[in-house]
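Inside the fold
So you can see what is in the structure, the chains are spelled out below.
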Amino acid sequence: MRAALAEARAALATGDVPIGAVVLDADGEVVGRGRNVREAEADPTGHAEVVALREAARARGGWRLTGCTLVVTLEPCTMCAGAAVLSRVDRVVFAAYDEKAGAVGSLWDVVRDRRLNHRPEVLAGVLAEESSALLAEFFAEQRA
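Figured I'd write up the structure that's included with this text. Given the structure is predicted, the values throughout are model-derived calculations rather than measurements.

Once that is clear, we can look at the side chain of Glu-49. Residue position: Glu-49 is located in helix α3 (residues 48-60). No salt bridge is formed by the buried Glu-49. Its closest oppositely charged neighbour is Arg-38, at 9.1 Å. Setting aside residues no more than four positions away along its own chain, Glu-49 makes contact with Ala-21, Leu-70, Val-72, Leu-74, Pro-76 and Cys-80.

A word on the sheet that holds strand β3 (residues 69-74). Read from one edge to the other, the open sheet built from five strands follows the order β2-β1-β3-β4-β5, with strand pairing classed as mixed. At either margin of the open sheet sits one strand with a lone partner, and together these are β2 (30-35) and β5 (121-124). Neighbour-to-neighbour, the strand axes of the sheet open up by a mean angle of 15°, direction not taken into account. Examined bridge by bridge, strand β1 (residues 20-24) and β3 share four bridges and lie antiparallel to one another. Note on β3: the bridge partner recorded for Val-23 is Leu-70. Sitting on the sheet, helix α1 (residues 2-11) touches β1, β2 and β3, and the angle it makes with β1 is about 145°.

Conventions used here
Residues numbered from 1 in each chain as written. Predicted model: local features only at pLDDT ≥ 70, side-chain atom pairs only at ≥ 80, totals over all residues. Heavy atoms only, no water. Helix = DSSP H or I, 4+ residues; strand = E, 2+ residues; numbered from the N terminus. Buried < 20%, exposed > 50% of the residue type's maximum accessible area, 1.4 Å probe, protein only. Lys, Arg positive; Asp, Glu negative; His and termini not counted. Salt bridge = Lys/Arg side-chain N within 4 Å of Asp/Glu carboxyl O. Contact = heavy atoms within 4.5 Å. Pairing = 2+ DSSP bridges. Axes fitted to C-alpha atoms, helices over the stretch in contact; angles between N-to-C directions.

Below you can see the structure in the form of structure tokens.
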């Protein structure tokens, strides 16, 4: 999660919401990194999770990320939760819950929907206070 938080902090330099993600392989090595780039790249799909999953797929030479873990600083939205399912990651680890748009237990629970053919394990709340503080600081500055 510390690597994901570092990615989140890097997003601040481009004016993006500080959300970061990494993909770890089965040995715990980082195979993909991502941070929000929606503002920097004018890309509505430029969420940290999508960026990290794309990089991991390129690094592994295929879209199936079986054996991998997606680690992200904020609960994934519906798009990112769907990307986690479709990429076949084994688990999703996230820091803070997103009560407004979360799709891994808050508003929806996409990754554990029994109708889907793949359901990653979920671990929530890892370094949640640190992630929440980073987001709160960012949004306080936006309102000032």
